[in-house]
Amino acid sequence: ICNGALGVESDADCDDWFHERRQNDARMEANRAQPTSTSKGSRVRGVFKHHTGYIASVCMEYLEIRTGELRALDQAIDIHISLVQLKQLVLGSLGDGIGFRSALTQA
């Protein structure tokens, strides 16, 4: 995933690169503004209004996973719940010392 693109030479360096940025990612998540109750989004963090539907997304370690446009808000919320569960599994594995690539694959 990151060899070449991030300028690192090995999988171990890649894992170190992601590990060093985990704390920054957590700070970014904590500082991210909560969606407002305007027509631009839902009140669910990680679910956003897009054209005629909704998009569910989650970010971890500088990787954003997002759906295509979904017509129903309840469907977007359900998928967002699954994405958050995926993120929790990955972050739990990272906390156990597993590298990002392996943690994402195992989740």
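Reading the values: rules and limits
Residues numbered from 1 in each chain as written. Predicted model: local features only at pLDDT ≥ 70, side-chain atom pairs only at ≥ 80, totals over all residues. Heavy atoms only, no water. Helix = DSSP H or I, 4+ residues; strand = E, 2+ residues; numbered from the N terminus. Buried < 20%, exposed > 50% of the residue type's maximum accessible area, 1.4 Å probe, protein only. Contact = heavy atoms within 4.5 Å. Areas by Shrake-Rupley, 256 points an atom, 1.4 Å probe, with all protein chains shown as cover. pLDDT = per-residue confidence, 0-100.

Draft legend 1. Region of the structure containing the overall build of the protein chain. Assigned secondary structure in the protein chain consists of three helices and three strands. Going from N to C terminus, the protein chain has its helices and strands arranged as α-β-β-β-α-α. For the protein chain, buried positions account for 29% of its 107 residues. For the protein chain, restricting intrachain contacts to residue pairs at least 6 apart in sequence, the fraction spanning at least 24 positions comes to 38%. Surface summary for the protein chain: the accessible area is close to 6800 Å², and the carbon and sulfur share equals 52%.

Draft legend 2. Region of the structure containing the environment of Thr67. For Thr67, the location among the structural elements is in the loop between β3 (63-66) and α2 (73-95). Since its relative accessible area comes to 16%, Thr67 is described here as buried. For the pair formed by Thr67 and Val47, sequence separation is 20 residues and the distance between their alpha carbons is 9.8 Å.

Draft legend 3. Representation of the confidence of the model for the protein chain. On average, the protein chain scores 76 in pLDDT, and the residues at 70 or more come to 59%. Predicted confidence in the protein chain is weakest over helix α1 (residues 11-31), with a mean pLDDT of 57, and strongest over α2, with 94. pLDDT under 50 marks residues 31-41. Its contacts with residues more than four places away, or in other chains, come to 12 contacts.

Draft legend 4. Here's a closer look at unusual backbone geometry. We note that His51 has phi near 50°; this positive angle belongs to a residue other than glycine. As for its position among the elements, His51 is in the loop between β1 (47-50) and β2 (53-60). Its identity as a non-glycine residue notwithstanding, Glu61 has a phi of 50°, on the positive side. The topology assignment puts Glu61 in the loop between β2 and β3.

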